[in-house]
Structure formats: C-alpha cells, structure tokens
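Residues per chain, in single letters:
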Amino acid sequence: MREHNACVVGMQWGDEGKGKIIDLLSEEFDLVVRAQGGSNAGHTVVIGDRQFILHLVPSGIIRGADCVIGNGVVIDPDQLLAEIEELREQGVEVAGKLLVSDRAQVVCPYHKALDGAREQAMGDGKLGTTLRGIGPAYADKAYRTGLRIGQLIDPGFVRDFFETQVPLVNKVLQHVYEAEPVDLDELVEWGLRSGSALKTMVGDTVEFLDQAARDGQAILFEGAQGALLDIDFGTYPYCTSSNSTAGGFITGTGLPAAELGRTLGVLKTYTTRVGAGPFPTELDDELGEHIRQQGGEFGATTGRPRRCGWFDAVAARYSARLNGVTELALTKLDVLEGIDPLKICVAYEIDGRETEVFPAQADRLAAAVPVYEEMPGWKEATATGDTFDTLCPQAAAYVNKLTELVNAPAKIVSVGSDRAQTIIG
Ligand code: GDP
Ligand code: IMO
Ligand code: MG
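Since the structure is predicted, the reported quantities are computational estimates derived from the model, not experimental observations. By convention here, each chain's residues receive numbers from 1 onward along its written sequence. As a convention, the first chain written is A and the first ligand written is 1, with the rest following in written order. In view of the model being predicted, local features appear only for residues whose pLDDT reaches at least 70, and side-chain atom pairs are presented and counted only at 80 or more, with totals across whole chains, interfaces and linings using the full set of residues. Just so you know, side-chain values use all the structure's heavy atoms and leave hydrogens and water out.

(A) Region of the structure containing the overall build of the protein chain. We count a stretch as a helix when DSSP gives it H or I for four or more residues in a row; a strand needs E for two or more, and each element gets its number in order from the N terminus. Scanning the protein chain for helices and strands turns up 13 helices and 20 strands. C-alpha atoms define the radius of gyration, and 2.2 Å times the number of residues to the power 0.38 defines the globule rule. Expected size for 425 residues packed as a compact globule is a radius of gyration near 22 Å; at 21 Å, the protein chain falls within 12% of this value. C-alpha extents for the protein chain along the principal axes are approximately 65 × 50 × 40 Å. The contacts in the protein chain between residues at least 6 apart in sequence include a share of 76% that link residues at least 24 apart. To measure how exposed things are, a 1.4 Å probe is used in the Shrake-Rupley method; for residues, cover is taken only from the protein chains shown. Just so you have it, the protein chain exposes about 17400 Å², and 49% of that area is on carbon and sulfur atoms. Positive and negative side-chain charges in the protein chain, numbering 38 and 61 respectively, have mean positions lying 2 Å apart. The contact rule is simple, with two residues in contact once any of their heavy atoms fall within 4.5 Å. Asp and Glu are treated as the negative residues and Lys and Arg as the positive ones, with His and the ends of the chain left uncounted. The atoms used to mark charge sites are NZ of Lys, CZ of Arg, CG of Asp and CD of Glu.

(B) Seen up close, helix H11 (residues 313-323). Of all 11 residues that make up H11, 8 are buried, and the element is covered over most of its length. Those residues of H11 that are buried lie in contact with strand E1 (6-10), strand E11 (262-268), strand E14 (311-312), strand E16 (342-350) and helix H13 (393-406). At the exit of H11 stands glycine 324, carrying a positive phi of roughly 65°. To sort residues, take the accessible area from a 1.4 Å probe on protein chains only and compare it with the maximum for the residue type: under 20% means buried, over 50% means exposed, and anything in between is partly exposed.

(C) Here's a closer look at the packing of helix H3 (residues 109-122) against helix H6 (residues 155-176). Lines are fitted to the C-alpha atoms to define the axes, a helix being fitted only along its stretch in contact, and any angle between axes, read from their N-to-C directions, falls within 0 to 180 degrees. At their nearest, the axes of H3 and H6 sit 11 Å apart, and the two run at 15° to each other. Looking at the two axes, H3 sits roughly parallel to H6. Crossing hand, H3 versus H6: left-handed. Contact residues: H3 offers Tyr110, Ala113 and Leu114, while H6 offers Phe161, Phe162, Gln165, Val169, Val172 and Leu173. By residue class, the composition of the contact of H3 with H6 is 8 nonpolar, 1 polar and no charged. Geometric relationships in this document are graded by angle, where less than 35 degrees denotes roughly parallel, more than 145 denotes roughly antiparallel, 65 to 115 denotes roughly perpendicular, and other angles denote oblique. For any helix crossing, the convention is left-handed if the near helix is rotated counterclockwise from the far helix by under a right angle, and right-handed if that rotation is clockwise. Classification convention: Asp, Glu, Lys, Arg as charged; Ala, Val, Leu, Ile, Met, Phe, Trp, Tyr, Cys, Pro as nonpolar; all other residues, Gly among them, as polar.

(D) Focus on the pairing of strand E2 (residues 31-34). A two-sided burial pattern is seen for E2, the buried positions comprising Leu31 and Val33 on one face and Val32 and Arg34 on the other. Across 4 bridges, E2 lies against strand E5 (residues 66-69) in parallel orientation. Residue pairing for E5: valine 32 is matched across the bridge by cysteine 67. At least two bridges found by DSSP between two strands are what make those strands a pair. One ladder, built from 4 bridges, connects E2 with strand E10 (residues 219-222); its direction is parallel. From the neighbouring strand, valine 33 faces E10, where its bridge partner is phenylalanine 221.

(E) How the structure looks around the packing of aromatic side chains. In this analysis, rings of Phe, Tyr and Trp, with Trp reduced to its six-membered ring, are considered paired at centre separations within 6.5 Å, and the interplanar angle assigns stacked below 30 degrees, edge-to-face beyond 60, and tilted for intermediate values. Scanning all chains against the criterion turns up 8 aromatic pairs. Measuring from centroid to centroid gives 5.4 Å for tryptophan 13 and phenylalanine 279, while their planes differ by 55°, and the two rings are tilted. With tryptophan 13 in the loop between E1 and helix H1 (18-26) and phenylalanine 279 in the loop between strand E12 (271-273) and helix H10 (286-294), this residue pair connects regions lying 266 residues apart in the sequence. Its relative accessible area of 7% is what places phenylalanine 279 among the buried residues.

(F) Quick peek at H3. Here H3 is 14 residues long and its end C-alpha atoms lie 20 Å apart, about the 20 Å a rise of 1.5 Å per residue gives. Buried residues of H3: Tyr110, His111, Leu114, Asp115, Ala117 and Glu119, and no others. Its buried side turned inward, H3 meets strand E8 (105-106), helix H4 (134-143), H6 and helix H7 (184-198). Glycine 123, located one to two residues past H3, shows a positive phi value of around 55°. Every helix has an expected span of 1.5 Å times one less than the residues it contains.

(G) Spatial organisation of the coordination of the magnesium ion (ligand 3). Taken together, Asp15 (OD) and Gly42 (O) make up the protein donors of the magnesium ion (ligand 3), found 2.1 to 2.2 Å from the metal. Of this pair, aspartate 15 sits in the loop between E1 and H1 while glycine 42 sits in the loop between E2 and strand E3 (43-47), and the two are 27 residues apart along the sequence. With water excluded from the atoms, a metal site may look incomplete; its donors are any N, O or S atoms within 2.8 Å, or within 3.2 Å for Na, K and Ca.

(H) Quick look at the site of ligand 1. Not every one of the 19 residues close to ligand 1 is listed here, only the nearest: Lys18, Gly19, Thr44, Asp334 and Ser414. In protein, a polar contact requires one atom able to donate a hydrogen and another able to accept it; more generally it is a pair of N or O atoms within 3.5 Å, and residues adjacent in sequence count only if both atoms are side-chain atoms. Residue glutamate 16 places a main-chain N or O atom 3.1 Å away from an oxygen atom belonging to ligand 1. Between glycine 416 and ligand 1, the recorded distance is 3.0 Å, taken from a backbone N or O atom to an oxygen atom. Every element with two or more residues in the shell around ligand 1 is listed here: H1 and E3. Proximity is defined per residue: if any heavy atom of the residue lies within 4 Å of a molecule or strand, that residue is considered near it.

(I) Fine view of the site of ligand 2. Neighbouring ligand 2 are 20 residues; Asp15, Lys18, His43, Thr130 and Thr240 lie closest to it. Between ligand 2 and threonine 130, the relevant distance is 2.6 Å, taken from an oxygen atom to a side-chain nitrogen or oxygen of the residue. Here ligand 2 loses 97% of its free accessible area of 550 Å² to cover by the protein chains.

(J) Inspection of the nonpolar core at higher detail. Joining through side-chain atoms within 4.5 Å is the link that ties buried Ala, Val, Leu, Ile, Met, Phe, Trp, Tyr and Cys residues into a set, and such a set is a nonpolar core. Leu80 and Phe162 are the most contacted members of the largest nonpolar core, which totals 55 residues. Residue ranges assigned to each domain were obtained from an automatic or database domain assignment. The residue makeup of this core includes at least three contributed by each of domain 1 (6-101 + 202-263) and domain 2 (105-198). With near-sequence residues (within four places) excluded, leucine 80 lies in contact with Leu56, Val57, Ile69, Ile75, Leu98, Val100 and Leu198. Of all hydrophobic cores here, the second largest spans 52 residues; its members include Cys7, Leu31, Met375 and Ala408.

That's the geometry; what it means functionally is another story.
The following block contains the structure:
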C-alpha cells in the first residue's frame with residue numbers, strides 16, 4: 001500500500017463536506033484526482049469571505065495542486081468550461097494544472113434533456129436527480145453508444161458520431177417522452193466548439209497517473225457523492241449512476257488498488273439527503289428545519305433544501321466497511337450546538353425484528369424504524385480552539401461515541417465551513 005496516497009470518500013448520501021476536507025489535505029499532495037460522477041457533485045471550499053463551489057474540477061485546484069479528471073467521470077463540456085472561467089474570475093488559474101482523461105465520457109446536451117424528460121414522465125415516482133444528465137450519460141457508456149472526450153476533440157469523428165446517434169436519440173425524445181427533438185447541425189457545431197476549447201487539457205491520464213505513481217508523487221483521490229448513493233451498494237434505485245465507494249477510484253483512474261493508500265471517510269455528525277429515497281432517521285419536523293437552517297443545508301448544485309435527520313450508525317458502519325475506512329473526518333459538529341438531547345440511531349427495527357444490517361433493498365430500508373440512543377447536547381461553543389482538548393465535554397463525548405460506533409478514529413473534526421474552523425488530530 002502507498003502510505004503517502006489517500007482517498008477521501010463520502011460516507012452518507014453526499015454533501016458530507018468532502019470539498020472542505022480535500023482543500024485542507026491537498027497541501028500535502030502533488031495530485032488531486034476525480035474518478036467518478038460528474039457535475040452532479042457540488043464541493044464547497046470556504047476561505048475567509050471567499051467561497052468556491054466545484055462540480056467537475058477537483059477541489060485541490062484551490063491550493064494550486066495539479067489536478068486530474070479520470071476516465072470514470074462523465075464530463076459536461078459547457079459546465080467544465082464555465083467552471084474554469086468562474087475560477088479564473090475568482091483568481092484561481094486552472095490552465096496548465098488540469099489534465100482531463102481522453103477516455104472519460106461526454107455529457108451531451110441531449111443527456112440533460114433525457115434526464116429531465118424521464119424525471120418528468122416518472123411523476124411522483126421520480127428520483128429527484130440533479131438533472132445534470134448523469135444517468136443517461138452513464139447509460140450510453142454502458143450501451144456503448146457514448147462519446148468519449150478523446151473522440152470529441154477529433155473533428156473528423158464528431159459529425160459521424162452525431163449523425164448516427166441523433167436519429168435514435170430523437171426517436172426516444174419525441175416518441176417516448178413527447179419532448180422536443182435535438183438538432184443535428186447544432187449538435188455538431190456544439191461538439192466541434194467544445195472539443196476545440198478542451199483540446200489542450202486532454203490527455204492519456206492512465207499513462208500520466210501510472211508515471212506519477214512510479215515517480216513517487218503523492219496522490220489524493222477525491223470522491224464525489226457518498227456510499228449510500230453508490231449504484232451497487234446504495235439505496236437503489238434512489239442513488240446515482242456511478243460507484244461512489246472506494247472501488248470507483250480504481251476503475252475510474254486505471255491505478256491499481258495498491259495505490260489507494262489510506263481511506264478517510266467524511267461523515268456528517270448528523271444525516272442529510274437530497275432527492276427521493278428512504279431515510280430512516282429523517283426529521284420531518286421543526287427540528288429538521290432548525291438543522292437545515294443552522295447547517296445551511298441547501299444543495300450546492302441545485303439549491304434544493306436537503307432533508308435532515310439524526311446520525312445513523314448502522315449506515316455509517318456499513319459505509320466504513322464498504323470503503324475500508326481507516327480514519328474519519330467528522331463534519332458540521334457546530335450545527336448541533338443547542339440541540340439537547342441528541343439522538344443516534346444504533347440499530348433498525350424491521351418487521352418487529354432488531355437488526356444492525358443495512359438492508360440491500362430500498363423498500364426494506366423504508367420500513368426500518370430507528371432504535372435510538374440519547375446523548376446530552378451542549379449550549380456553549382462546540383470548540384474554543386483547534387485541538388481536540390478544546391472541544392466542550394459533551395461535544396467530545398459525542399465525537400467519541402461516533403468513533404466507537406463506526407470503529408474508526410477521528411483524524412479531523414470540522415466545526416465550521418472555513419478552513420480555519422478545523423480540529424486536526
Ligand atoms: P461536499 O459535497 O461533500 O463537498 O459538501 P457540500 O459542499 O455540498 O456541503 C457541505 C456544506 O457544509 C458546504 O456549504 C460547506 O461550506 C459546509 N461545511 C463544511 N464543513 C462544515 C462545518 O464543519 N460546519 C458548518 N457549519 N458548515 C460546514
Ligand atoms: P456531492 O459530491 C448529494 C443525488 C441526487 C439524487 C441522486 C441521483 O456534492 O456529495 P443524479 O443527478 O446523480 O442522477 O441524482 O443522487 N446526488 C447527490 N446528492 N450530493 C451529491 O454530490 C450528489 N450527486 C447526486 O440528489 O438523489
Ligand atoms: Mg455537495
């Protein structure tokens with residue numbers, strides 16, 4: 001195992017604070033790499049009065065690390081180019097620091113149209129996706145009807161590709177969803193323009209990362225989403241379309257498992273989820289609203305209010321195991337200030353039977369009634385400094401309880417959105 005490499009994974013339904021943690025850690029790394037997902041991700045980095053929200057560019061860019069978007073990511077060229085421009089306006093230069101995989105799939109405008117049309121057609125049964133075209137782009141990859149970045153930058157390929165695909169896509173849009181068709185010439189023009197704008201950033205990231213690893217560079221893998229949104233291990237079908245557990249770093253970069261290094265699991269000290277799907281500890285009441293307001297729990301990508309609830313140790317243990325988590329970053333502890341008592345879900349009761357197993361089927365999880373343990377809350381400041389011994393006694397006890405339940409040590413405790421509001425062990 002490469003001790004100097006590390007993975008950062010979300011352990012819940014996303015938005016655990018991965019962006020903040022990546023930013024903190026990236027100082028110690030040469031490379032920061034995204035391996036899965038797309039612009040459905042929204043990773044926030046706060047430095048003083050400056051806020052950055054990253055969707056496709058790895059969060060390490062803020063500290064000036066070299067960044068790679070690996071082959072497992074689905075890339076919306078419009079989003080990527082807009083993000084690079086926005087970063088430039090905020091004083092962060094991406095040019096020369098970002099390498100985009102030629103094997104990564106392109107999110108085409110019709111993927112977003114299909115995402116929206118399908119959600120609308122599903123009515124009350126919709127998944128609540130981010131409408132960023134993620135599902136349709138990964139579906140085309142699996143169907144082998146997708147477009148790769150390496151093909152997008154080849155002007156000779158673009159027209160042929162869309163000439164084949166557009167009639168099929170339009171059949172689906174018009175006859176399945178009764179939606180507007182896409183225009184072939186417009187798409188070709190879009191493809192040529194996007195390819196030309198991206199060309200200088202594109203390369204063979206598999207070779208690049210292999211060389212970097214052999215040169216002994218320290219690599220930080222930036223997870224997007226969270227384990228409970230993983231397409232295999234998450235709350236299917238209420239999940240995303242990629243492997244957001246640590247396995248996704250292998251298939252999403254081409255680096256072998258031995259390069260992954262230690263695995264830091266980012267875990268919110270309560271639970272949130274955006275979109276539809278089962279959520280046993282959800283607080284659909286005033287307290288849930290209080291947490292939403294205190295924690296600013298509104299989506300970084302879509303602005304949707306996040307559903308909020310108590311910490312779920314059954315889910316967190318499942319996630320720690322799936323990811324091989326070696327240490328934890330516990331986030332947003334400050335948000336719990338003033339809530340007394342605090343509840344922690346330690347088991348589920350499903351059909352009258354108590355279990356500590358996270359169920360495979362979403363309908364079983366929907367039937368789960370949480371078994372809670374209570375802990376005393378605190379009214380004073382969560383922490384007065386940046387060391388563990390400055391946590392107030394009840395906050396320290398809560399942290400210890402979570403680490404015991406998840407069976408991994410807390411390396412980082414985050415007590416505010418700013419870089420500085422962090423306790424590092
Ligand atoms: P990510 O997707 O995992 O990177 O998380 P998001 O950026 O979507 O959501 C986390 C939100 O919580 C962002 O607005 C962060 O600025 C904020 N945040 C991160 N850590 C803390 C913390 O310890 N306390 C508070 N109050 N906010 C935090
Ligand atoms: P970060 O990286 C929270 C959720 C969506 C929806 C489901 C499927 O910021 O933690 P998709 O657009 O992927 O097809 O939507 O997954 N989702 C996220 N929720 N944080 C994310 O990313 C998410 N990415 C996708 O809300 O429920
Ligand atoms: Mg997010």
